[in-house]
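In case you want the letters, here they are:
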Amino acid sequence: VRGWRGRRRCHAVAGARRVGAPGSGEGVAQTVRCTRADPRSTVGQLDVVRYEQTVTRLEQLDREAGGMPARPELVATATAGEQMLRAQATTEVRTRLRFAVAEAHRLSGRAYGDVGLVNQMRQHMHRAVDFAAGSHVRVAGELCSAGGMEVQDGASNDALKMFQLA
């Protein structure tokens, strides 16, 4: 991908990342497929499946490598998902995509929390709750996740409020 415009359109890292176990010195190549986020007039079921696969792969990277390496890709993926929501889609496709974007924001929030950037963590968790609207179970899950992040940050009062809302 050439130029800043091309990099902005690409919402995942092309190529491979070197991820190693702490202290082992050995790395394992992790491939993340580059998916273009060109504005489209319509979004279909296949687009949502690809987006969900990208979010799942980035979640695996986040779990294996921690928040620092996965954070930019997760944020770009969440932003690309929001752009996809602006396109025409059936109600079923739009709902499924909205929930996938909520998951991308939740993972972005967790990645920011892992590196101690609390304000950005809260912004993404708030967005996750917004996109999960329409499913009480998903909203409760996002609030519990946000509460867990607040506990890790040491904000027990805020965590309690999140858990009570859930």
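Coordinates for the structure precede this section.
Residues numbered from 1 in each chain as written. Predicted model: local features only at pLDDT ≥ 70, side-chain atom pairs only at ≥ 80, totals over all residues. Heavy atoms only, no water.

Moving on, we come to the overall build of the protein chain. Helix and strand counts for the protein chain come out as seven helices and two strands. Within the span of the protein chain, comprising 166 residues, buried residues form 39% of the whole. Of the contacts formed within the protein chain by residues at least 6 apart in sequence, a portion of 59% connects residues at least 24 apart. Element-wise, carbon and sulfur atoms account for 52% of the exposed surface of the protein chain, whose accessible area totals about 9400 Å². (Helix = DSSP H or I, 4+ residues; strand = E, 2+ residues; numbered from the N terminus. Buried < 20%, exposed > 50% of the residue type's maximum accessible area, 1.4 Å probe, protein only. Contact = heavy atoms within 4.5 Å. Areas by Shrake-Rupley, 256 points an atom, 1.4 Å probe, with all protein chains shown as cover.)

Throughout the structure, instances matching the rule amount to six salt bridges. Of the charged contacts in the structure, one is a salt bridge between arginine 63 and glutamate 59, with a shortest N-O distance of 3.1 Å. Taken as a pair, arginine 63 and glutamate 59 lie in helix α2 (residues 45-65) at a separation of four residues, close to a single helical turn. Glutamate 59 gets classed as buried once you look at its relative accessible area, which sits at 17%. A salt bridge links arginine 106 to glutamate 103, with the shortest nitrogen-to-oxygen separation between them at 2.6 Å. Taken as a pair, arginine 106 and glutamate 103 lie in helix α4 (residues 91-114) at a separation of three residues, close to a single helical turn. Relative accessible area serves as the criterion here: at 13%, arginine 106 is assigned to the buried category. One network of salt bridges, with partners in common, ties together Glu59, Arg63, Glu103 and Arg106. (Salt bridge = Lys/Arg side-chain N within 4 Å of Asp/Glu carboxyl O.)

Looking now at the nonpolar core. Ranked by internal contacts, the top residues of the largest apolar core, which has 22 residues, are Val43, Tyr51, Leu74, Leu97 and Val101. Elements represented by at least two residues in this core include exactly α2, α3 (67-85), α4 and α5 (118-132). Sorting elements by how many residues they give to this core places α4 first, with eight residues. Those residues in contact with leucine 97 that sit more than four places away from it in its chain are Val43, Val48, Tyr51, Gly81, Met84 and Leu85. Tyr112, Met121, Met125 and Ala146 belong to the second largest nonpolar core, which has six residues in total. (Core = buried A, V, L, I, M, F, W, Y, C linked by side-chain atoms within 4.5 Å.)

With that settled, consider the packing of α3 against α4. It is the contact of α3 with α4, at a shortest axis distance of 8 Å, that shows an interaxial angle of 155°. Here α3 is positioned roughly antiparallel relative to α4, judged by the angle of their axes. Along this stretch, α3 crosses α4, giving a crossing that reads as left-handed. Where α3 abuts α4, its residues Gly67, Arg71, Leu74, Val75, Ala78, Gly81, Glu82, Met84 and Leu85 lie against Arg94, Leu97, Arg98, Val101, Ala104, His105, Leu107, Ser108, Ala111, Tyr112 and Asp114. Looking at the contact of α3 with α4 residue by residue, the class counts come to 11 nonpolar, four polar and five charged. (Axes fitted to C-alpha atoms, helices over the stretch in contact; angles between N-to-C directions. Parallel < 35°, antiparallel > 145°, perpendicular 65-115°, else oblique. Left-handed = near helix turned anticlockwise from the far one by under 90°. Nonpolar A, V, L, I, M, F, W, Y, C, P; charged D, E, K, R; others polar.)

The next point concerns the environment of threonine 77. By the element assignment, threonine 77 lies in helix α3. Sequence-wise, threonine 77 and histidine 105 are 28 residues apart; in three dimensions their C-alpha atoms are separated by 8.6 Å.

Relative to the elements of secondary structure, leucine 160 occurs in helix α7 (residues 156-165). Residue class for leucine 160 comes out partly exposed when judged on its relative accessible area of 46%. Linking leucine 160 and glycine 147, residues 13 residues apart in sequence, is a C-alpha distance of 6.8 Å.

Just distances and angles here, no functional claims.
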